[in-house]
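# Analysis of the macromolecular model
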Amino acid sequence: MHTKSKILIYLAAWRRPEITELCFMGINRLRRHPYYDIDVLAVISEQSMVDLCNTYKIKWVMHENLPLGKKKNAGLIAAQQIDFDYLMEIGSDDLVTNELLNQYLDYCGKYDFFGISDAAYIESETGYCRRLTTNNSTYGAGRMISRKVLEAMNWKLWDDKLNRGLDNNSVRAIQSKGFEYVKVQPMEKPGIIDVKSNENI
């Protein structure tokens, strides 16, 4: 029997409202998972995104889009007020599968920092799909960061000045506090699906 974990899904949104809504629809599906209590926080930079967040009952904070590191850190300040065990970071173009949450059950409560080593990518305009696996680097999408890690980091994961390379930047910062990244073994199907568009970083 697994103990229920409280997950805060955390994302930064910018443009691509159709893809962001697809992401929100996927989050609503995850909220029905029997072994997790799921809350959501989005950091947004456009007034037009407010209605979309409200429609899908997603908490939001407003912050300028650039620098992106500063924007994402600003959202963590708001996250402190939310009750959760793990923060799951995704992009506003990511879909998380139920199967990945099932696999994470064996990692929650055991590790403080873990995530995937493979993902599928879909080009929204062409429908082209490809699955990629990494042996060396880490994926930001779907990674789980315990509240213990965030407290050790004083709720700041990224360099405020960065717009690119944020995943590796935060991994190094977290490792400097003594927390190593644990890779979850790939499943038969990818646990994260990333929907690409011409607005990607």
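The structure presented is a predicted model; accordingly, all values stated were derived computationally and were not measured.

By definition, the strands of a sheet pair up through backbone hydrogen bonds, in either a parallel or an antiparallel sense. Spatial ordering of the open sheet is given by β3-β2-β1-β4-β9-β6-β10, a layout of seven strands whose pairing is mixed. At either end of the open sheet lies a strand with only one pairing partner, and these are β3 (59-62) and β10 (182-183). In terms of strand pairing, strand β6 (residues 113-115) meets β10 through two bridges, oriented parallel. The partner of Gly 115 across the bridge, within β10, is Lys 183. Sitting on the sheet, helix α1 (residues 17-30) touches β1 (5-12) and β2 (36-44), and the angle it makes with β1 is about 180 degrees. Lying over the sheet, helix α6 (residues 166-175) contacts β4 (86-89), β6 and β9 (143-146), oriented at roughly 35 degrees with respect to β9.

What follows deals with the nonpolar core. Formed by 38 residues in total, the largest nonpolar core has its most connected members in Ile 9, Leu 11, Phe 24, Met 88 and Tyr 104. Tallying contributions element by element places β2 first for this core, with five residues. Setting aside anything within four residues of it in sequence, one finds Met 88 in contact with Ile 7, Leu 8, Ile 9, Tyr 10, Val 96, Leu 101, Tyr 104, Gly 142, Arg 143 and Met 144. Core analysis: the second largest hydrophobic core is formed by 23 residues, Leu 8, Ala 79, Val 149 and Leu 166 among them.

Here we take up the sheet that holds strand β11 (residues 192-196). Here we have four strands laid out as an open sheet, ordered β5-β11-β7-β8, and mixed in their pairing. The sheet is open, and its two borders are formed by β5 (94-96) and β8 (129-133), each paired with just one other strand. The average angle at which neighbouring strand axes cross in this sheet is 25 degrees, direction not considered. The pairing of strand β7 (residues 118-123) with β11 spans four bridges and is parallel. Note that in β11 the partner of Ala 120 across the bridge is Ile 193. Packing of α1 onto the sheet brings it into contact with β5 and β11, and relative to β5 it is tilted by some 15 degrees.

With respect to the helices, strands and loops of the structure, Lys 196 is situated in strand β11. A sequence separation of 68 residues divides Lys 196 from Tyr 128, and the C-alpha atoms of the two residues are 9.9 Å apart. Residues within four places of Lys 196 in sequence aside, it is in contact with Ile 19, Tyr 121, Ile 122, Glu 123 and Ser 124.

As a further point, take the packing of α1 against helix α2 (residues 48-55). Their axes nearest at 10 Å, the elements α1 and α2 cross at an angle of 20 degrees. Taken together, the axis directions place α1 and α2 in an arrangement best described as roughly parallel. Crossing of α1 over α2 shows right-handed handedness. Here Pro 17, Thr 20, Glu 21 and Phe 24 of α1 lie close against α2, whose contacting residues are Met 49, Leu 52 and Cys 53. Considering only residue class, the contact of α1 with α2 consists of five nonpolar, one polar and one charged.

Quick notes on the rules
- Residues numbered from 1 in each chain as written.
- Predicted model: local features only at pLDDT ≥ 70, side-chain atom pairs only at ≥ 80, totals over all residues.
- Heavy atoms only, no water.
- Pairing = 2+ DSSP bridges.
- Helix = DSSP H or I, 4+ residues; strand = E, 2+ residues; numbered from the N terminus.
- Contact = heavy atoms within 4.5 Å.
- Axes fitted to C-alpha atoms, helices over the stretch in contact; angles between N-to-C directions.
- Core = buried A, V, L, I, M, F, W, Y, C linked by side-chain atoms within 4.5 Å.
- Buried < 20%, exposed > 50% of the residue type's maximum accessible area, 1.4 Å probe, protein only.
- Parallel < 35°, antiparallel > 145°, perpendicular 65-115°, else oblique.
- Left-handed = near helix turned anticlockwise from the far one by under 90°.
- Nonpolar A, V, L, I, M, F, W, Y, C, P; charged D, E, K, R; others polar.

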